[in-house]
Amino acid sequence: MSAARPEDQPTHDALRGPLESWLNQKNQSLLEEVIATWQLAMERFQPDEALLERLRQALPAQAPAEPETGGAMAAFAGALDLVEGAPSQGDLLKRLLDGLEPLVERSALFILKQGLASLYAHRGFEAHAPLKPGAVVPPPDLEAVIQGLGRSLRKKGAGYSALLAVLSPYEAADLVILPIRHKRKAVALLLVDSGLRQKLDHPELVRALVLAASASLGSLAAGKDEPAHPLPQPMAHALPVPSAASQSSAPTQMVPDTIEAPPSMDLDPKTRAAAERLARVLVGDVELYFPGKVAQARSQGNLYGLLRDELERSRATFVERFGEDVEVQHRIFTSTVIHQLCDDDASKLSGAPWA
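Note that the structure is predicted; figures quoted are calculated from it, not measured. (Residues numbered from 1 in each chain as written. Predicted model: local features only at pLDDT ≥ 70, side-chain atom pairs only at ≥ 80, totals over all residues. Heavy atoms only, no water.)

1. Some remarks on the packing of aromatic side chains
Throughout the structure, instances matching the rule amount to four aromatic pairs. Judged by centre distance (6.0 Å) and plane angle (85°), the ring pair of Tyr 304 and Trp 354 falls under edge-to-face. You can see Tyr 304 sitting in helix α11 (residues 303-306) and its partner Trp 354 sitting in the segment after α14 (332-341), a full 50 residues away along the chain. Like Trp 354, Tyr 304 is buried. These aromatic residues form a ring-pair network of at least three members: Tyr 304, Phe 318, Phe 322, Phe 333 and Trp 354. (Phe/Tyr/Trp six-rings, centres within 6.5 Å; stacked < 30°, edge-to-face > 60°. Helix = DSSP H or I, 4+ residues; strand = E, 2+ residues; numbered from the N terminus. Buried < 20%, exposed > 50% of the residue type's maximum accessible area, 1.4 Å probe, protein only.)

Shown next, in the form of structure tokens:
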């Protein structure tokens, strides 16, 4: 076949336009026919009754789903049984947390004594809680609940932050803090929050369970079915507590005397080691955060005069953990202050009433 001649190019260009136009038109018409045929076929593409019946027979039999509220009420009923069956006050508080597990994401109990809140037990928080030792001084919003000026605390604020700081660095979106009362006095605080969820599902059931726990606490304190097993100390410290004589002058926010264990006259090695460790931490914090005052006190010999508030707060935390009698008899905190802050010279405490 001979090659195209240059003089034929105008003829080819003239024919290409009409031919391409005709091909495009035919392709478009064919495409429209295919689409119309497909749509018509899809209208007839419906399952018949025989197929539907076969599908129904193939489905496994299913029990009707239990409503969410029904499941919550069943969990609440089980929690009530746990609380009402507690043989002692200490066991009651643990059963309260166990009963709450199906209803809330995270929960924790704080014992109230001498105006301070100490962590007792928790569920759902990180395994390494508590994050720091020591008791919590209730902020004003939490103190209002303790004093009975409010039934609960539902909003984020200083109170929630203070308690949560002991347990976790992660705040929840929703929370409730409720007091557990005995003879109209708050003896413990229950904190529950929504964890990673947006809200608490059953705050009203939590409150009802707390009321039931308060009633059972009073019944056990009155001597009904009361065994000889005292309530353990706040978590991480199963240690002696103040005698009844030292408790008589304490504020109203106290665990009833029936929950307390009598103080031990002699410290066992584990208790002494724990007490010495806490004393070193508390005194070390004073030295860490107030180095200027400590240095001045060492040179002038007036440690208590310059650091009275700091030392009293630290001593109150120590006494909260181990009891006034332990400190009076063994002087663990006082000895640590003298050694770490006074260069083993007791005269540098300068007038401390407990020195």
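Text resumes after the structure shown.
2. Comments concerning the packing of helix α4 (residues 89-100) against helix α7 (residues 203-221)
Contact geometry for α4 and α7: axes closest at 10 Å, N-to-C directions at 165°. Here α4 is positioned roughly antiparallel relative to α7, judged by the angle of their axes. Relative to α7, the crossing made by α4 is right-handed. Contact residues: Gln 89, Leu 92, Leu 96, Gly 99 and Leu 100 in α4; Val 206, Leu 209, Ala 213, Ser 216, Leu 217, Leu 220 and Ala 221 in α7. Grouping the amino acids of the contact of α4 with α7 by side-chain chemistry returns nine nonpolar, three polar and no charged. (Axes fitted to C-alpha atoms, helices over the stretch in contact; angles between N-to-C directions. Parallel < 35°, antiparallel > 145°, perpendicular 65-115°, else oblique. Left-handed = near helix turned anticlockwise from the far one by under 90°. Contact = heavy atoms within 4.5 Å. Nonpolar A, V, L, I, M, F, W, Y, C, P; charged D, E, K, R; others polar.)

3. Points about the environment of Gln 89
On the secondary structure map, Gln 89 appears in helix α4. A distance of 3.2 Å separates a polar atom in the side chain of Gln 89 from the backbone oxygen of Leu 217. (Polar contact = N/O pair within 3.5 Å; in protein donor to acceptor, adjacent residues only side chain to side chain.)

4. Considerations on a nonpolar patch on the surface
Residues Leu 19, Trp 22 and Leu 23 make up a contiguous nonpolar surface patch of roughly 310 Å² in combined accessible area. As for its position among the elements, Leu 23 is in helix α1 (residues 9-43). By relative accessible area, Leu 23 is classed as partly exposed at 40%. (Patch = residues over 30% accessible without salt bridge, like charges linked within 9 Å, V, L, I, M, F, W, Y side chains within 5 Å. Areas by Shrake-Rupley, 256 points an atom, 1.4 Å probe, with all protein chains shown as cover. Salt bridge = Lys/Arg side-chain N within 4 Å of Asp/Glu carboxyl O.)

5. What to know about the pairing of strand β2 (residues 116-123)
Two faces, one strand: in a regular strand the side chains alternate between the faces of the sheet. The buried fraction of β2 amounts to seven of the eight residues, a majority that puts the element mostly inside the structure. Hairpin connection from strand β1 (residues 106-113) to β2: two residues lie between these consecutive antiparallel strands, with Gln 114 at a positive phi of about 55°. (Pairing = 2+ DSSP bridges.)

6. Section: helix α6 (residues 158-167)
Burial within α6 is extensive, with seven of its ten residues counted as buried. Every buried residue of α6 is accounted for by Gly 159, Tyr 160, Ala 162, Leu 163, Leu 164, Val 166 and Leu 167. Check the buried side of α6 and you find it contacts β1, β2, α5 (140-146), β3 (175-182) and β4 (185-193).

7. What to know about the sheet that holds β3
With antiparallel pairing, four strands are arranged side by side in an open sheet as β2-β1-β4-β3. Each end of this open sheet is capped by a strand with a single partner; those strands are β2 and β3. Taken pair by pair, the neighbouring strands of this sheet meet at an average axis angle of 25°, ignoring direction. Across seven bridges, β1 lies against β2 in antiparallel orientation. Bridge pairing links Leu 109 to Ala 121 in β2. Along the sheet face, α7 touches β3 and β4 and points at about 20° away from the line of β3.

8. Description of the packing of helix α9 (residues 269-289) against helix α10 (residues 291-300)
Relative to each other, α9 and α10 sit at 100°, their axes nearing to 5 Å. Our classification of the angle between α9 and α10 gives roughly perpendicular. Residues Val 286, Glu 287, Leu 288 and Tyr 289 of α9 pack against Pro 291, Val 294 and Arg 298 of α10. By residue class, the composition of the contact of α9 with α10 is five nonpolar, no polar and two charged.

9. Remarks on the pattern of salt bridges
Summed over the entire model, instances satisfying the criterion amount to 14 salt bridges. For Lys 199, the salt bridge is made with Asp 201, and the minimal N-O distance between the two is 3.7 Å. A residue is classified by how much of its surface remains accessible, and Asp 201, at 24% relative accessible area, is partly exposed. A salt bridge links Asp 343 to Lys 348, with the shortest nitrogen-to-oxygen separation between them at 3.6 Å. When its relative accessible area of 16% is taken as the criterion, Lys 348 is described as buried. A network of salt bridges, in which partner residues are shared, links Glu 105, Arg 197, Lys 199 and Asp 201.

10. Structural notes on unusual backbone geometry
A positive phi angle, close to 55°, is found at Lys 183, a residue other than glycine. By the element assignment, Lys 183 lies in the loop between β3 and β4. For Lys 183, a relative accessible area of 70% gives the class exposed. The phi dihedral of Arg 331 falls on the positive side, at around 50°, and the residue is not glycine.

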